[in-house]
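Analysis of the macromolecular model
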Amino acid sequence: SSSDALLRLDERIAALHTDETVRVVALPNVLIIQVGTTGYEVAKSTRLITHLDMAGRVEHIADLAAVGAITPADAIEEVAAARRLAPRFGPWMTILGYALTTIGFGMSVNPTWLGLPGYLLLGIVVGVIVVAMRPFPALAPIVPTLSAAVVTMLASLFVADAANEGILRIISPALVVLLPGVPMTIGAMELARSEMVAGASRLIYGVVQLTLLVFGVSIGLAIAGKPTPEPPSTQMGPWSFYVAIVV
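Let me sum up the structure you'll find in this document. Note that the structure is predicted; figures quoted are calculated from it, not measured. (Residues numbered from 1 in each chain as written. Predicted model: local features only at pLDDT ≥ 70, side-chain atom pairs only at ≥ 80, totals over all residues. Heavy atoms only, no water.)

1. Considerations on the overall build of the protein chain
The following threshold applies: Only runs of H or I of at least four residues qualify as helices and only runs of E of at least two qualify as strands under DSSP, and these elements are numbered from the N terminus. Buried means the residue's accessible area, taken with a 1.4 Å probe over protein chains only, is under 20% of the maximum for its type, while exposed means over 50%, and partly exposed covers the values in between. Note on contacts: a residue pair qualifies if any of its non-hydrogen atoms lie within 4.5 Å across the two residues. Here the open area of atoms and residues is found with the Shrake-Rupley method and a 1.4 Å probe, where only the protein chains shown may cover a residue.
In terms of helices and strands, the protein chain carries ten helices and three strands. In sequence order, the protein chain lays out its α and β elements as α-β-β-β-α-α-α-α-α-α-α-α-α. Each of the 247 residues in the protein chain was classed as buried or not, and the buried ones make up 33%. Of the contacts formed within the protein chain by residues at least 6 apart in sequence, a portion of 65% connects residues at least 24 apart. Entry remark: accessible area of the protein chain is about 14300 Å², with carbon and sulfur atoms responsible for 69%.

If you want it as structure tokens, here you go:
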């Protein structure tokens, strides 16, 4: 969070390299540092870090800098190298991960047996969309809307009728992985610490992501139409929740 960045830069790292007064302003994608009364630096990030291995690498570099185990120049080079890291898992493993995650969340709501293939299909579809958009960072904002629209259309036309499930029970597990849980949680924590700008920015970002998901679902329903209600099939049973935890 922003307060963690302020604590490290202002109270730990700066004290190792200068006796001047250091002022730091940390926002979600902007960092402003003033040393003394004349020197200052403004850094802006235009890329969202979503890979835990990349975030872990940057965290390790920050830990080294906090104890003086790395020079500022080396730290800058290491951070730049960390941000160029390729995704840890290849396209096929990523798609498989989305499929398994969708099945896991789907089983947690006690679905019908016929719903499992539908969860697998929709999870694969979302994984393919996410992987296909990787080379085009500028298109990242439309991923939630596109995924929600495609998933809703497939569920309305094929999956919901075949599985005899409600449309929301079918599409929700596939879209859970696109929910902005991390920015909304960190934003709420920052607001609780009176970090109004950073916290409000993250919360607004999360709300916009949720709005894009809802917009995508609306587009899918408008194109494909609502599925015809069918009598529900036999559900898996309460034990499916415990299997979902394992998955």
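2. A short note on the pairing of strand 2 (residues 30-35)
Basically, it comes down to this: By definition, two strands form a pair when at least two bridges between them are found by DSSP.
The sheet contact formed by strand 1 (residues 22-26) and strand 2 spans five bridges and is antiparallel. Across the sheet, residue A26 finds its bridge partner in strand 2, namely L31. The hairpin formed by strand 1 and strand 2 contains three residues between the paired strands.

3. Observations concerning the pattern of salt bridges
This is how it is decided: By definition here, a salt bridge exists when the distance from a side-chain nitrogen of Lys or Arg to a carboxyl oxygen of Asp or Glu is within 4 Å.
Within this structure, the stated rule accounts for two salt bridges. Here R57 and E78 are joined by a salt bridge, their closest N and O atoms 3.2 Å apart. Placement of the pair is R57 in helix 2 (residues 52-66) and E78 in helix 3 (residues 72-83), with a sequence separation of 21 residues. R202 is the partner of E190 in a salt bridge, and the nearest nitrogen-oxygen pair spans 2.9 Å. Linking E190 in helix 8 (residues 181-192) with R202 in helix 9 (residues 196-224), this pair joins segments that are twelve residues apart in sequence.

4. Concerning the layout of surface pockets
Convention followed: A pocket, in this scheme, is an open set of points on a 1 Å grid over the protein atoms alone with protein on both sides within 12 Å along at least 5 of 7 lines, while a cavity is a set where a 1.4 Å probe fits but cannot get out; residues line either one if an atom lies within 4 Å of a point. Grid points are joined across faces, edges and corners, and a volume is the space filled by probe spheres set on the points.
One number sums up the size of the second largest pocket: a volume of about 170 Å³. The wall of the second largest pocket is formed by L168, I171, S172, L175, V176, L179, L213, V214 and V217. Elements with a contribution of two residues or more to the lining of the second largest pocket: helix 7 (167-175) and helix 9. Here the element with the most residues in the lining of the second largest pocket is helix 7; it accounts for four residues.

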